[in-house]
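The lines below spell out each chain.
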Amino acid sequence: MQLPLGIEVPIPTFEQFVFIQVALLTAVAALAVVTSRNLFHSALALTLTFFGVAGVYIFLEAEFLAVSQVLVYVGAIAMLIAFAIMLTRSMMFGRTSPLNNQWGKSSLFAILFFSALLAFARATPWPAAGEEVVADEALIGQLGREFVTTYVIAFEVLGLLLLVALVGAVMLARDR
Amino acid sequence: MVPLSWYLMLAAFLFSCGLYGALARRNAIAMLMGIELMLNAANINLVAFWRHGVGPMEDLTGQAFAVLIIGLAAAEAAVGLALIIAVYRERRTIDVDELDVLAG
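Residues numbered from 1 in each chain as written. Chains lettered and ligands numbered in written order. Predicted model: local features only at pLDDT ≥ 70, side-chain atom pairs only at ≥ 80, totals over all residues.

1. Comments concerning the packing of helix H6 (residues 152-173) of chain A against helix H3 (residues 61-91) of chain B
When two helices pack together, you describe them by how their axes are tilted relative to each other and by the distance separating the axes.
Moving on, step 1. Two numbers describe how H6 of chain A lies on H3 of chain B: the axes approach to 9 Å, and their chain directions differ by 15 degrees. On the basis of their axis angle, the class for H6 of chain A and H3 of chain B is roughly parallel. The two elements H6 of chain A and H3 of chain B meet at a crossing, and its hand is left-handed. Between H6 of chain A, through Ala154, Leu158, Leu161, Leu162, Ala165, Leu166, Gly168, Ala169, Leu172 and Ala173 of chain A, and H3 of chain B, the contact on the second element is made entirely by Leu68, Gly71, Leu72, Ala74, Ala75, Ala78, Val79, Ala82, Leu83, Ile85 and Ala86 of chain B. (Axes fitted to C-alpha atoms, helices over the stretch in contact; angles between N-to-C directions. Helix = DSSP H or I, 4+ residues; strand = E, 2+ residues; numbered from the N terminus. Parallel < 35°, antiparallel > 145°, perpendicular 65-115°, else oblique. Left-handed = near helix turned anticlockwise from the far one by under 90°. Contact = placed C-beta atoms within 7 Å.)

Okay, here's the thing in structure tokens:
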């Protein structure tokens, strides 16, 4: 496809076309999370972002992760955040600006950081295409086996951390 | 096949959004949302590199670490929000600019 100014743009395949839609949705939702004045709108946009990331995992043929993403992030974390917003409602519709006084420096730094990452991602010669992956139960089974063999310590420590974190959360939020 | 750099660019954008949100928002819950965005961006990178790496069928390290990060994010959100609710009960605000008891 030839754009004016002589810029050559390769025609995207169907898969790439759908990926662009999903990525745009995710990016716009992520931008809405940090720019929305109403905190509850931020939380809803965050849920949309989590769904978009789950879609990206589908593109990467990591179905188990996509389902975990929806279960843990959309099902649990987004719900927790919504509850926390409703429990602390006085800040929900800010009378003052939702931004602190270092937002200018922060936005400049974020944009610079994004440009640096973008330049790096574009300039590095990455491998063109990944190897063939047959995403089926065998892959998920192997992931499960790795968790009880190679990564057994990390897995057990994560379980302990979750237990301690949840007991600690109950202790912290308890009404005395 | 979607090129690896596209995933990296999306993850870079999500990370930068999260960074801005965590640094510039005054509400503690909004800061936490920024941190969640950054964790998601890191996860996209891990899974993308797993998919485009050598032998994705044999070596599932990228996916395994992504699962660990999802679990870690759940613990982080639970403790963070419990702290925010405890602070709100004590101080009637969760504006991080006003929470300066420890400032010298």
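2. Describing the domain arrangement of chain A
Moving on, step 1. Domain assignment breaks chain A into domain 1 (1-92) and domain 2 (136-176).
Moving on, step 2. The distance between the C-alpha centroids of domain 1 of chain A and domain 2 of chain A comes to 25 Å. (Domains from an automatic or database assignment.)

3. Brief notes about the interface of chain A and chain B
Moving on, step 1. Facing the 70 residues of chain A at the interface are 62 residues of chain B.
Moving on, step 2. Secondary-structure elements contributing two or more residues to the side of chain A that touches chain B are helix H1 (14-35), helix H2 (39-59), helix H3 (63-87), helix H4 (103-123), helix H5 (137-148) and H6 of chain A.
Moving on, step 3. With 11 residues, the top contributor of residues to the side of chain A that touches chain B is H3 of chain A.
Moving on, step 4. Partitioning the side of chain A that touches chain B into residue classes produces 51 nonpolar, 14 polar and five charged. (Nonpolar A, V, L, I, M, F, W, Y, C, P; charged D, E, K, R; others polar.)

4. Things to note about H3 of chain B
Since the α-helix turns once every 3.6 residues, residues separated by three or four places project in the same direction.
Moving on, step 1. Across its 31 residues, H3 of chain B extends 44 Å between first and last C-alpha, which sits within 8% of the 45 Å expected from 1.5 Å per residue.
Moving on, step 2. Positive backbone phi, at 60 degrees, marks Arg92 of chain B, one or two positions downstream of H3 of chain B. (Expected span 1.5 Å × (residues − 1).)

5. So, the nonpolar core
Moving on, step 1. The biggest cluster of nonpolar side chains holds 75 residues, and the ones touching the most others in it are Ile81 of chain A together with Ile29, Val47 and Leu81 of chain B.
Moving on, step 2. Secondary structure elements with two or more residues in this core: H1, H2, H3, H4 and H6 of chain A together with helix H1 (4-24), helix H2 (28-52) and H3 of chain B.
Moving on, step 3. Residues in contact with Leu81 of chain B, not counting those within four places in the same chain, are Leu80, Ile81 and Ala84 of chain A together with Leu32 of chain B. (Core = buried A, V, L, I, M, F, W, Y, C linked by C-beta atoms within 7 Å. Buried ≥ 20, exposed ≤ 12 C-beta atoms within 10 Å, placed from the backbone.)

6. Regarding the environment of Leu44 of chain A
Moving on, step 1. Mapped onto the secondary structure, Leu44 of chain A falls in helix H2.
Moving on, step 2. A sequence separation of 96 residues divides Leu44 of chain A from Ile140 of chain A, and the C-alpha atoms of the two residues are 30 Å apart.

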